[in-house]
Amino acid sequence: MKFKNDLPKINITQGRKKELLEFCRELNIHFKDLNLLDLAFHHRSYSNENESHKRYNNERLEFLGDSVLGLATAAFLYEDMVDHPEGELAKIKANVVSEKSLAPIAREKMHINKYLVMGKGEEMSGGRNKDAILADAVEAVIGALYLDQGYVAAEKLVEELIIPEIRKVQSASGNKDYKSFLQEFYQKKYKACPSYELVKKSGPDHDRTFFVVVHLGKVTYGPAKGKNKKEAEQNAAAEACKAMGLEVKE
C-alpha cells in the first residue's frame, strides 16, 4: 500500500539531522525521509503553541504504529507459543504493548526523551519523562519506520524491542517454556530449528504415554515422555536445555 506524503514541509537543521541520525545508529535502523522520524518526536503541545507547526505532531503516526506494534507482537507470539491457548497469548500481548512496558523501552533502549520536541508548558511540567508521552513516541517511531521502510523493517524493530519483554512475562508466569527457549537459542546460534520426533506410544487409548526425541542437527536428546505429544515435546526440550547447560528462568 502506498501512502501519500501529506506532511507539512519543515526544514530540519543540520544539528537536528545529526541527532536523528544518532538515534538511527543506536537502533540500527535507516530512514530515507528524516522528516518522518522528526515528526515521530513532536508532541502535540508543540504544534498547539506554534501556529506554523499546527499539524506537525506525532498523533497520526502513533495511531498507525500502535497497529503495527500489535500485529508484529501477535505474529511473534503466534509462532513462538504454539502450545498455548489464545487467552495466554492475548494476556502477554496486552502486557508487553502497554504503556507500562513501552515507557521503560523508550527511556532505557531508545532514549527517546533526548529527542522529544514539545511545548514550553509541557516541558515545564515534566512532559519529557511522562510515561504516556514516551510510550506514544515509541509507537510513533514504529509507525514512521513502517511508512519509510515497510513492514519488514518495522517488524524487525518491534521484535528487537518487545521479545525481551515477552520473555520476562513468560518467565514471571511460573511456567518454563523449554520448547520456545530452545527454539530461540538454536535458531539464533545455528540458523536452524529443533526437530521433534514421536518415537513411541504406550498404554491404552484412555491413558496413553507419548515418547518424543528432539534432534539438534546430528545430536539427539530424549526420549522424554508425556501424557500428550505437546507435553512430551516440552520435556524433550527440557532435557536438551539441561544437557547443554542452558538456564531457563522461572
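Please read all numbers here as calculations on a predicted model, not as lab measurements.

### Things to note about the packing of aromatic side chains
- For the coordinates displayed, the defined rule picks out four aromatic pairs.
- Geometrically, the ring pair formed by Tyr186 and Tyr190 is tilted, given 4.8 Å between the ring centres and 40° between the ring planes. Placement of both Tyr186 and Tyr190 in helix H10 (residues 178-190) is noted, with a separation of four residues, approximately one turn of the helix.
- A residue is classified by how much of its surface remains accessible, and Tyr186, at 9% relative accessible area, is buried.
- The cationic tip of Lys179 hangs over the ring face of Tyr196; the distance from NZ or CZ to the ring centre is 5.0 Å.
- Between Lys200 and the ring centre of Phe211, over which it is positioned, the NZ or CZ distance is 5.0 Å.

### Overview of the pairing of strand E3 (residues 219-226)
- Note: strand E2 (residues 209-216) against E3, six bridges, orientation antiparallel. Considered in E3, the bridge of Val214 is made with Tyr221.
- Hairpin connection of E2 to E3: two residues between the antiparallel strands, including Gly217 at a positive phi of 65°.

### Concerning the sheet that holds E2
- What the three strands build is an open sheet, ordered E1-E2-E3; its pairing is antiparallel. Pairing within the sheet leaves two strands with one partner each, and these edge strands are strand E1 (195-202) and E3. Neighbouring strand axes in the sheet, compared pairwise and without regard to direction, differ in orientation by 20° on average.
- One ladder, built from seven bridges, connects E1 with E2; its direction is antiparallel. Its bridge partner lying in E2, Tyr196 is registered against Val214.
- The sheet strands contacting helix H11 (residues 229-243) are E1, E2 and E3, and the helix crosses E3 at an angle near 135°.

Basis of the calculations
- Residues numbered from 1 in each chain as written.
- Predicted model: local features only at pLDDT ≥ 70, side-chain atom pairs only at ≥ 80, totals over all residues.
- Heavy atoms only, no water.
- Phe/Tyr/Trp six-rings, centres within 6.5 Å; stacked < 30°, edge-to-face > 60°.
- Helix = DSSP H or I, 4+ residues; strand = E, 2+ residues; numbered from the N terminus.
- Buried < 20%, exposed > 50% of the residue type's maximum accessible area, 1.4 Å probe, protein only.
- Lys NZ or Arg CZ within 6 Å of the ring centre and 35° of its normal.
- Pairing = 2+ DSSP bridges.
- Axes fitted to C-alpha atoms, helices over the stretch in contact; angles between N-to-C directions.
- Contact = heavy atoms within 4.5 Å.

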